[in-house]
Amino acid sequence: MLNETILHHLPAGVQGPRYRRAEVGRGIVHFGVGNFFRAHEAWYVDRCLALPGQSAWGIVGVGLNGGSRGEAKAREFQQQDCLYSLTEVTADGARTVSVIGALREYLLAPADPEAVLRRLADPETRIVSMTITEGGYHIDEETGLFRLDAPAVRADLDNPRRPTTVFGYVVEGLRRRREAGIAPFTVLSCDNLRSNGHVAHTAFVSYARALDEGLAAWIDANVTFPCSMVDRITPGVDTPTRNALNEASGLDDDLPVLAEDFSQWVLEDNFCNGRPALEEAGVEFVEDVAGYEQVKVRMLNASHVLLGAMGLLLGYRYAHETVEDADLVRFANAYWTQDAMPQIDAPAGVDLDAYRRRLLSRFSNRAVADTLLRICSDGASKVRVFWTDTVRRSLTSGHDLQRIAFGIAAYMEMLRGQDERGEGYTPIEPTLDADEMALVNASDPAAALALPAFDGWRDMDTTELDAAVVAARRAIRERGVRASLPT
Ligand code: CS2
């Protein structure tokens, strides 16, 4: 079992924390302790903790989901003293393994909500960060407003002192701080959203406003919500992968994380209550994150869903298989160079073509074995976030819509859960209900155009786009993906 005691005799080749864990404080609370967070933010913070004067910035992880899975995960963290290993692997298969010690404590919110609220109200907490997924912010894509009518949000508004959502917890924590005269914390979104800081600001301030106008005004005036661009491909870890990672590292870790060697974090330097010296750990601080986000979301994430949907239909299951397929690479290159890149206002110094080439190499990483089902999971939320700008700009400028239409069609076909070889798979779509799935499976290929995933461009004239989507769905069904790919 990996825990504090074995830090003193780690297997050869495994790097342990380069600082004394006992001295590490609890300056950060993080909601959503998934693989990505553990390979990204926690890894950067871990590097900071090894620097002089940074020991305040340890992390308290919060899990919002209870049930047997949530409880098992909390138990694993507790048994391992919140330690876990991170294996970073290059496209050539070279690995490094380190034990990350930045996570000091793990709180399972449903088991002890008050413990989370106490931590949020504690002056030691100076940053509250989160990875709660693209769909987790309850923002209406059409109006840009926070959806106060989402059932979990409504329940928290009815019972704000006993919250269950991140909005309820954070705002109740801020209310207590305000009442006690304690400075607020920074709220840091680490999700792949356009202007994630602004989205988080809208969400948290709207929630607070529905409770108490004065509190909302105080948050608006005193809390900061930096924008950030986060990037590191981090696959899920199933049992065979866990066993293989342990075998390679020599550790006995119930919570190993695997990630590509590439990592990027671009941040706006807008922290209302201090921050770690992240720039010393490789984080880039810039005035305006928007350009970096555009590049990341419209190049990487958008093409991930495109390749994921087409790849699943063709019978692939892993990301690297899609970039070993010359037809899919041709499609992706055409999408990047003709549809995405001309519309991106790239920040000075960012070479989009080099970025494109790097993506192909990153996607080719076999050792990461990133599954297409993970990449497409919650596609209903991702499509809105990753494709909306590109689709809107193409519609406005009269740009060729073929590849975009084909991508939408492939996504719809993918949702049907059967590949061209007749093999089934189960798409992971937590937000699609039975009525929406019925639209996907309807015999009329146009029915699925009504899915909320496409709301982001519903106010525009989409006659031509819709016709192209329907034609592409028909072509995919009749001839298969490969024979119908637009040139
Ligand atoms: C993927 C991301 O699931 C997805 O949407 O595109 O998880 C992707 O791997 C990360 O954003 C990479 O930084």
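The shown structure was predicted, so the numbers you read here are calculated from the model rather than taken from an experiment. (Residues numbered from 1 in each chain as written. Predicted model: local features only at pLDDT ≥ 70, side-chain atom pairs only at ≥ 80, totals over all residues. Heavy atoms only, no water.)

J.: I tried to follow the site of the ligand on my own but got confused; where do I start?
T.: Neighbouring residues of the ligand: N192, D231, R232, I233, K296, L300, N301, H304, R374, I375, K382 and F386. Interatomic distance of 2.9 Å between a backbone N/O atom of R232 and an oxygen atom of the ligand. Separating an oxygen atom of the ligand from a side-chain N or O atom of K296 is a distance of 2.8 Å. Where the shell around the ligand is concerned, the elements lending two or more residues are α10 (290–314), α14 (372–376) and α15 (379–397). Ranked by the residues each element gives to the shell around the ligand, the list is headed by α10, at four residues. Class assignment for the residues of the shell around the ligand results in four nonpolar, three polar and five charged. (Near = heavy atom within 4 Å. Polar contact = N/O pair within 3.5 Å; in protein donor to acceptor, adjacent residues only side chain to side chain. Helix = DSSP H or I, 4+ residues; strand = E, 2+ residues; numbered from the N terminus. Nonpolar A, V, L, I, M, F, W, Y, C, P; charged D, E, K, R; others polar.)

J.: Would you mind going over the side chain of N365 with me for this structure?
T.: As for its position among the elements, N365 is in the loop between α13 (352–363) and α14. Among the polar contacts made by the side chain of N365, one reaches the main-chain carbonyl oxygen of T90 at a distance of 3.4 Å. With sequence-adjacent residues up to four places away left out, N365 is seen in contact with V89, T90, A91, E260 and H320. (Contact = heavy atoms within 4.5 Å.)

J.: Even after reading the chapter, I still don't get the sheet that holds strand β12 (residues 284–286), so can you show me in this structure?
T.: By definition, the strands of a sheet pair up through backbone hydrogen bonds, in either a parallel or an antiparallel sense. Taken in spatial order, the three strands make up an open sheet running β9-β11-β12, and their pairing is mixed. Sheet topology places β9 (228–231) and β12 at the edges, where each strand pairs with a single neighbour. Neighbouring strand axes in the sheet, compared pairwise and without regard to direction, differ in orientation by 20° on average. When β9 meets strand β11 (residues 264–268), the two strands line up antiparallel, connected through four bridges. If you follow D231 over to β11, its bridge partner there is Q264. Against the sheet, α10 engages β9, β11 and β12, with an angle of about 35° to β9. (Pairing = 2+ DSSP bridges. Axes fitted to C-alpha atoms, helices over the stretch in contact; angles between N-to-C directions.)

J.: Can you help me understand the nonpolar core in this one?
T.: The biggest cluster of nonpolar side chains holds 114 residues, and the ones touching the most others in it are F31, F204, I219, W387 and L465. The element best represented in this core is α10, accounting for 13 residues. For this core, the domains that each give at least three residues are domain 1 (4–286) and domain 2 (290–484). Those residues in contact with F204 that lie beyond four places of it in its chain are M130, V166, F167, V170, V171, V187 and F225. (Core = buried A, V, L, I, M, F, W, Y, C linked by side-chain atoms within 4.5 Å. Buried < 20%, exposed > 50% of the residue type's maximum accessible area, 1.4 Å probe, protein only. Domains from an automatic or database assignment.)

J.: Which parts of the structure should I look at to understand unusual backbone geometry?
T.: Trans peptide bonds make up the majority, and among non-glycine residues the majority have a negative phi. Not every positive phi belongs to a glycine, and H138 is a case in point at roughly 50°. Assignment of secondary structure puts H138 in the loop between β7 (127–130) and α5 (151–158). For H138, a relative accessible area of 18% corresponds to the buried category. Of note in the backbone geometry, D378 takes a positive phi value of approximately 55° without being a glycine. Mapped onto the elements, D378 comes out in the loop between α14 and α15. Owing to a relative accessible area of 9%, D378 belongs among the buried residues under this scheme.

J.: Would you mind going over the state of the cysteines with me for this structure?
T.: Linking two cysteines covalently through their sulfur atoms gives a disulfide. Within the structure shown, the criterion is met by zero disulfides. Unpaired in this structure, C82 has its nearest cysteine sulfur neighbour in C190, at a distance of 19 Å. Judged by relative accessible area, which is 4%, C82 ranks as buried. Not part of a disulfide, C190 finds its nearest cysteine sulfur in C227, a span of 11 Å. (Disulfide = S-S within 2.5 Å.)

J.: Looking at this model, I keep getting lost on the packing of aromatic side chains. Mind explaining?
T.: In this description, a pair of aromatic rings is defined by centroid distance and the angle of the planes. Going through the model one piece at a time under the given rule, you end up with ten aromatic pairs. Ring geometry for F146 against F167: centres 5.0 Å apart, planes inclined by 65°, an arrangement best described as edge-to-face. With F146 in the loop between β7 and α5 and F167 in helix α6 (residues 166–180), this residue pair connects regions lying 21 residues apart in the sequence. This pair shows no difference in class: F146 is buried, exactly as F167 is. Geometrically, the ring pair formed by F454 and W457 is tilted, given 5.8 Å between the ring centres and 45° between the ring planes. (Phe/Tyr/Trp six-rings, centres within 6.5 Å; stacked < 30°, edge-to-face > 60°.)

J.: Help me understand the environment of N270 in this model?
T.: Considering the arrangement of structural elements, one finds N270 in the loop between β11 and β12. For N270, a relative accessible area of 28% corresponds to the partly exposed category. Separated by 234 residues in the primary sequence, N270 and F36 have C-alpha atoms spaced 23 Å apart. Other than its neighbours up to four places away in sequence, N270 contacts T186, T224, F225 and P226.

J.: Could you clarify how one ought to interpret the domain arrangement of the protein in this entry?
T.: Interfaces are frequently sized by the accessible area removed from exposure as the parts join. Parsing the protein into structural domains produces domain 1 (4–286) and domain 2 (290–484). Computed from C-alpha coordinates alone, the two centres of domain 1 and domain 2 are separated by 29 Å. Facing 30 residues of domain 1, the contacting portion of domain 2 comprises 30 residues. Both faces combined, the contact of domain 1 with domain 2 buries some 2,400 Å², and carbon together with sulfur accounts for 57% of it. On the domain 1 side of the interface with domain 2, the three residues burying the most area are E141, R194 and I233, jointly 25% of the side's total. (Buried area = accessible area lost by both parts, 1.4 Å probe.)

J.: When you look at the pattern of salt bridges in this model, what are you seeing that I'm missing?
T.: Charged atoms that come close allow side chains of opposite charge to pair. A complete count under the given rule lists 37 salt bridges for this structure. Between D419 and R421 there is a salt bridge, with its nearest N and O atoms 2.9 Å apart. By relative accessible area, which is 5% here, D419 ends up buried. Through salt bridges with shared partners, one network takes in E114, R161, R162, E172, R175, R176 and E179. (Salt bridge = Lys/Arg side-chain N within 4 Å of Asp/Glu carboxyl O.)

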